[in-house]
Amino acid sequence: MNPVFNMDAATMSPVALFIQADWVVKFVMGGLLLASIWTWALIIAFWRRLGRIRKGMTGFERDFWKAEDIDAFYKAEADKDLPSARVFAAGVKEWRRSTAGGSIDKHGTRERLATAMGAAAALEIDRISDRLNILATIGSVAPFVGLFGTVWGIMRSFTGIAQAQNSSLAVVAPGIAEALFATAIGLFAAIPAVIAYNRFSHGVNRIEAALNRFADGFHTTLSRQLDGGR
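Under the annotation held in an unreviewed UniProt entry, the chain carries the name Protein TolQ and is attributed to Sphingomonas insulae. Within the UniProt record for the chain, the comment given under Sequence similarities (unreviewed entry) is "Belongs to the exbB/tolQ family."

See the structure below:
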């Protein structure tokens with residue numbers, strides 16, 4: 001049980017509140033601080049990654065639509081570490097397998113091309129959104145973890161009041177402040193996580209739409225080649 005604290009600025013500072021807190025509340029605060037650090041690390045990593053992917057895909061698709069020889073473009077660009085490059089490679093590989101024989105099933109080839117590129121696009125989206133669910137988890141769980149620390153701290157304060165038989169503000173305030181500080185840290189971890197998750201989910205959806213548009217355009221190009229007998 002903590003002794004009676006003076007409510008000066010030093011005592012009510014965040015560091016003092018952490019030091020004075022019960023070990024359970026300290027554990028909650030420490031976990032939430034680690035979650036906050038992890039959140040910001042993920043935010044920075046995702047922000048840089050999505051920016052690089054969008055920029056690379058824009059350049060790749062621009063060069064693709066300018067290319068006159070798909071085979072030459074495939075040899076030069078298919079190995080790039082880009083979602084659109086891997087979707088393109090999946091389409092070319094399926095095209096070569098489907099047109100390797102003497103007779104070509106045009107309808108079957110079109111379906112296989114759509115399936116191959118659609119599966120490649122879905123796989124790329126899964127790769128891009130990997131660990132994005134961590135932000136959603138932190139955003140939804142952190143406030144409740146902070147609330148647990150708050151409830152524990154308030155229960156501890158009430159126990160102290162009963163033992164001291166004194167309900168003055170000087171006795172109650174430190175414990176209540178510690179408890180509310182746990183909730184504040186929970187919100188500090190949760191709010192950026194929720195905002196970032198929504199923002200990055202929108203970014204992933206835009207990349208998925210761009211991949212699907214590229215796959216549809218490439219599929220149309222290959223379909224014209226089938227109709228032309230090439």
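A separate point is the nonpolar core. In terms of nonpolar packing, the biggest core is built from 54 residues, with Val87, Phe88, Leu135, Phe200 and Ile207 touching the most fellow members. At the level of secondary structure, the elements contributing two or more residues to this core comprise helix H2 (23-66), helix H3 (70-77), helix H4 (83-98), helix H5 (106-128), helix H6 (132-164) and helix H7 (169-227). A per-element tally of this core places H7 first, with 18 residues. The contact partners of Val87, leaving out residues within four places of it in the chain, are Met117, Ala120, Ala121, Leu211, Phe214 and Ala215.

Those residues of H3 lying buried are Phe73, Tyr74 and Glu77. Seen end-on, H3 carries its buried residues on one side only, within an arc spanning 105 degrees. Exposed and oriented more than 90 degrees from the buried face of H3 are Lys75 and Ala76. The elements touched by buried residues of H3 are H2 and H4.

So, about the environment of Tyr197. Following the sequence through the fold, Tyr197 ends up in helix H7. Each C-alpha atom, one on Tyr197 and one on Phe46, is 9.9 Å from the other, the two residues being 151 residues apart in sequence.

In this fold, Glu178 is placed in helix H7. Separated by 161 residues in the primary sequence, Glu178 and Leu17 place their C-alpha atoms 5.4 Å from one another.

Okay, a positive patch on the surface next. A surface patch of positive charge is lined by Arg54, Arg199, Arg206 and Arg213. In terms of residues, the positive patch owes the most to one element, H7, which gives three residues. Note that Arg54 resides in helix H2. Look at Arg54 and you get partly exposed, because its relative accessible area is 35%.

The next subject is the pattern of salt bridges. Where charged atoms from two side chains of opposite charge come close, those side chains can pair. For the structure on display, the rule yields seven salt bridges. For the salt bridge of Arg86 with Asp81, the shortest nitrogen-to-oxygen distance reads 2.9 Å. A residue is classified by how much of its surface remains accessible, and Arg86, at 28% relative accessible area, is partly exposed. The closest approach of N and O atoms between Glu94 and Arg97, which form a salt bridge, is 3.1 Å. Within this pair, Glu94 and its partner Arg97 are both found in helix H4, separated by three residues, close to a single helical turn. By relative accessible area, Arg97 is classed as exposed at 56%.

Under the definition given, this model contains 15 aromatic pairs. Arranged with centres 5.1 Å apart and planes meeting at 45 degrees, the rings of Phe88 and Phe218 form a pair that is tilted. Taken together, the residues Phe88 in helix H4 and Phe218 in helix H7 connect sequence positions 130 residues apart. Residue Phe88 shares its accessibility class with Phe218, and that shared class is buried. A centroid spacing of 6.4 Å and a plane angle of 20 degrees characterise the contact between Phe214 and Phe218, whose relative ring orientation is stacked.

There is a patch of nonpolar side chains on the surface, built from Phe144, Leu147, Val151 and Met155 and spanning about 420 Å² of accessible area. Considering the arrangement of structural elements, one finds Val151 in helix H6. Since its relative accessible area comes to 43%, Val151 is described here as partly exposed.

It is worth spelling out the UniProt feature "transmembrane region" (unreviewed entry) in the chain at this point. Taking the UniProt record as the reference, the feature "transmembrane region" (unreviewed entry) is found at residues 23-47, 132-155 and 175-197. Within the segment residues 23-47, helix and strand shares are 100% and 0% respectively, and the terminal C-alpha atoms sit 36 Å apart. For residues 132-155, the end-to-end C-alpha separation is 36 Å, with 100% helix and 0% strand making up the annotated structure.

A word on unusual backbone geometry. When glycine is set aside, most residues are seen to have a negative phi, and most peptide bonds are trans. Positive phi, close to 75 degrees, is recorded for Arg131, a residue that is not glycine. You can call Arg131 partly exposed: its relative accessible area is 46%.

Parameters at a glance
Residues numbered from 1 in each chain as written. Predicted model: local features only at pLDDT ≥ 70, side-chain atom pairs only at ≥ 80, totals over all residues. Heavy atoms only, no water. UniProt positions renumbered as here; feature names shortened; annotations may be inferred. Core = buried A, V, L, I, M, F, W, Y, C linked by side-chain atoms within 4.5 Å. Buried < 20%, exposed > 50% of the residue type's maximum accessible area, 1.4 Å probe, protein only. Helix = DSSP H or I, 4+ residues; strand = E, 2+ residues; numbered from the N terminus. Contact = heavy atoms within 4.5 Å. Arc of directions from axis to C-beta. Patch = residues over 30% accessible without salt bridge, like charges linked within 9 Å, V, L, I, M, F, W, Y side chains within 5 Å. Areas by Shrake-Rupley, 256 points an atom, 1.4 Å probe, with all protein chains shown as cover. Salt bridge = Lys/Arg side-chain N within 4 Å of Asp/Glu carboxyl O. Lys, Arg positive; Asp, Glu negative; His and termini not counted. Charge placed at Lys NZ, Arg CZ, Asp CG, Glu CD. Phe/Tyr/Trp six-rings, centres within 6.5 Å; stacked < 30°, edge-to-face > 60°.

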